[in-house]
Amino acid sequence: MFSKRVQTLATSPTIAIDTKAKAFKRQGVPVINLSVGEPNFQTPENIKKAAIKAIQEGNSFYTDPSGIVELRVAIANKFAKDNGLTYDPSDIIVGAGAKQITYSIFQVLCEKGDEVIIPIPAWNTFVEQVKLTGAKPVLIKLKPPFKLTSEIIKKALTPKTKVLLLNTPSNPTGAIIDFKELQKIADLAVKNNIFVVSDEIYEKLVYTEKHVSIASLNKKIKDFTITINGLSKTYAMTGWRVGFASGPKEIIAKMKALQSQMLGNISAISQKAGVEALNGEQTSVMMMKNAFAKRRISCLKKIAQIKELSVSEPDGAFYLFISIEKLLGKKYPTATAWAEALLEKEKVAVVPGEAFFYPGYIRMSYAASDEDLKEAFIRIKRFIEKSSGDRV
Ligand code: PMP
């Protein structure tokens, strides 16, 4: 019945766990959901007000499929100010979240016979979206502390390599690519005629070093790079679905053509809210980042107290990618089995490493309230202690 393309396609594992956790919550079960990647904050007031005003002013019509000009101008200003990137608003596309943007990019660039290099652990969606084009995802395994280097990429290059996927700071590890390596990676991509798809959605959530956009390094790499970003994480706007990208003119033009057939435009109201998010007061961004920074430290301390767990300190994003290898054995042979049991027995939802092509680990989001995080560690500790006798 189904096309070959979708035969092995499954619901995103992160979304599947989130759905289960939210169902528990609806039933009144006191579940702590550290699975999905979404800030626990409300969208800032000024952005909500802009959306209400947009409704009242009658923004109820189709817009330009690639986004209203006002928003694309705001995005062009953002790229210039934050990333040192000059793009004309006509070379910017707004889509239904960064997720839809990456989908379009892979559709436009990739097909059967192509290879796309994806460093793992990686966000599951990248791999599934590449597979949907018929191209082959080439997964390159990073070891803790999960820092991507040009040398590792070099080993995976073949004449079929078409795209290199970068995600810095990374979901799920939080790792940032070191500046010197970023320069080497840029040179490598240019030399080998490889497009770089650079997902920078966590750029504002960095705690150790500055974020640098690979496209800003020089003109040559800019011509090979599509830079992706969005409002979901920075402005606590996951439900509004605003993502965007810019890059070489012809690529963006083709993405716009695809989007005009696939989506039309994203909600006109979300676009107006997006203008306010980018142009308006930025204090709430700082406030949220500071809260994440504190939680990052307190969670790292908690993990250090549980000898069975180990973690590389993340540079950015709001995730901890934790090794649970010491806890796996007869009873819980895989991270998936362990995470399922943790949810069943202690009602804490985390994502198993298999969802990131990296068994033996779990991803925990610390974009949750301080109370929830505190309680989650009490439960995790209890779960580990209770199951310790069952391991071998
Ligand atoms: N890229 C990465 C690396 C992500 O982690 C996520 C969210 N999980 C997205 C893109 C998608 O974000 P959105 O579609 O909400 O913009």
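What counts, and at which threshold
- Residues numbered from 1 in each chain as written.
- Predicted model: local features only at pLDDT ≥ 70, side-chain atom pairs only at ≥ 80, totals over all residues.
- Heavy atoms only, no water.
- Buried < 20%, exposed > 50% of the residue type's maximum accessible area, 1.4 Å probe, protein only.
- Helix = DSSP H or I, 4+ residues; strand = E, 2+ residues; numbered from the N terminus.
- Pairing = 2+ DSSP bridges.
- Axes fitted to C-alpha atoms, helices over the stretch in contact; angles between N-to-C directions.
- Parallel < 35°, antiparallel > 145°, perpendicular 65-115°, else oblique.
- Contact = heavy atoms within 4.5 Å.
- Near = heavy atom within 4 Å.
- Polar contact = N/O pair within 3.5 Å; in protein donor to acceptor, adjacent residues only side chain to side chain.
- Areas by Shrake-Rupley, 256 points an atom, 1.4 Å probe, with all protein chains shown as cover.
- 1 Å grid on protein atoms, 1.4 Å probe; cavity = no way out; pocket = protein on both sides within 12 Å on 5 of 7 lines; lining within 4 Å.
- Sits in = over half its atoms within 2 Å of the grid points.
- Points joined across faces, edges and corners; volume = space filled by probe spheres on them.
- Nonpolar A, V, L, I, M, F, W, Y, C, P; charged D, E, K, R; others polar.
- Domains from an automatic or database assignment.
- Core = buried A, V, L, I, M, F, W, Y, C linked by side-chain atoms within 4.5 Å.

Got a minute to help me understand the pairing of strand S3 (residues 115-120) in this structure?
Every other side chain in a regular strand lies on the same face of the sheet, so the side chains alternate between the two faces. Burial runs high along S3: six of the six residues are buried. The alternating pattern of S3 places Glu115, Ile117 and Pro119 on one face and Val116, Ile118 and Ile120 on the opposite face, and all of these are buried. Summarising the sheet, S3 and strand S4 (residues 136-141) pair through six bridges and their orientation is parallel. Bridge assignment links Ile120 to a residue of S4, and that residue is Lys141. Bridge count between S3 and strand S5 (residues 161-167): three bridges; the pairing is parallel. Bridging from a neighbouring strand, Glu115 pairs with Thr161 of S5.

Whenever I open this one, the packing of helix H12 (residues 283-304) against helix H14 (residues 370-387) confuses me. Can you help?
Axes are the key here: two packed helices are described by the angle between their axes and the distance separating the axes. Between H12 and H14, whose axes approach to 11 Å, the crossing angle comes to 10°. Here H14 runs roughly parallel to H12, going by the angle between their axes. Contacts between H12 and H14 pair Arg295, Cys299, Lys302 and Ile303 from the former with Asp370, Leu373 and Phe377 from the latter.

How should the site of the ligand be read in this particular structure?
Every residue lining the ligand is accounted for by Gly97, Ala98, Lys99, Trp123, Asn167, Asn171, Asp199, Ile201, Tyr202, Ser232, Lys233 and Arg241. At 2.6 Å, a backbone N or O of Ala98 approaches an oxygen atom of the ligand. Lys99 is positioned with one of its backbone polar atoms (N or O) 3.0 Å from an oxygen atom of the ligand. In the complex, the protein chains occlude 92% of the 410 Å² of accessible area that the ligand would expose alone. Applying the majority rule of atoms within 2 Å of the grid points places the ligand in the largest pocket.

In this structure, what is going on with the sheet that holds strand S12 (residues 351-352)? I would like to understand it.
In sheet architecture, strand pairing relies on hydrogen bonds along the backbone and comes in two forms, parallel and antiparallel. Read across the open sheet, the four strands follow the order S9-S10-S13-S12; overall the sheet is antiparallel. The open sheet terminates on both sides in strands that have one partner only, identified here as strand S9 (310-311) and S12. In the sheet, S12 pairs with strand S13 (residues 361-365) via two bridges, with the strands oriented antiparallel. Paired with Pro352 across the two strands is Ile362, which belongs to S13.

Could you clarify how one ought to interpret the layout of surface pockets in this entry?
Considered as a void within the structure, the largest pocket measures approximately 490 Å³ in volume. Lining the largest pocket are 24 residues, and of these Gly37, Lys99, Trp123, Lys233 and Arg241 lie nearest its centre. Taken together, the elements giving at least two residues each to the lining of the largest pocket come down to helix H2 (13-26) and helix H5 (97-109). The residue makeup of the lining of the largest pocket, split by class, is eight nonpolar, nine polar and seven charged. For the lining of the largest pocket, the domains that each give at least three residues are domain 1 (4-42 + 283-386) and domain 2 (58-279).

Teacher, can you tell me more about the nonpolar core here?
Taken as a class, soluble globular proteins show a tendency for nonpolar side chains to be buried jointly. Among the nonpolar cores identified, the biggest contains 104 residues, and Leu34, Phe106, Leu166, Phe292 and Trp338 are the most heavily contacted of them. In terms of domain composition, this core takes at least three residues from each of domain 1 (4-42 + 283-386) and domain 2 (58-279). Residues contacting Leu166, with those up to four places away along its chain left out, are Leu148, Ile177, Leu182, Ile185, Val196, Val197, Ser198, Asp199 and Ile214.

Quick question: what am I supposed to make of the sheet that holds S3 here?
Pairing within the open sheet is mixed, and its seven strands lie in the order S2-S8-S7-S6-S5-S3-S4. In this open sheet, the two edge strands, each paired with only one partner strand, are strand S2 (92-95) and S4. Taking the axes of each pair of neighbouring strands and ignoring which way they run, one obtains an average angle of 20° across the sheet. Relative to strand S8 (residues 243-246), S2 is paired through four bridges, and the arrangement is antiparallel. Note on S8: the bridge partner recorded for Val94 is Phe244. Strands S2, strand S7 (225-230) and S8 of the sheet are contacted by helix H4 (residues 69-83), whose axis makes an angle of about 115° with S2.

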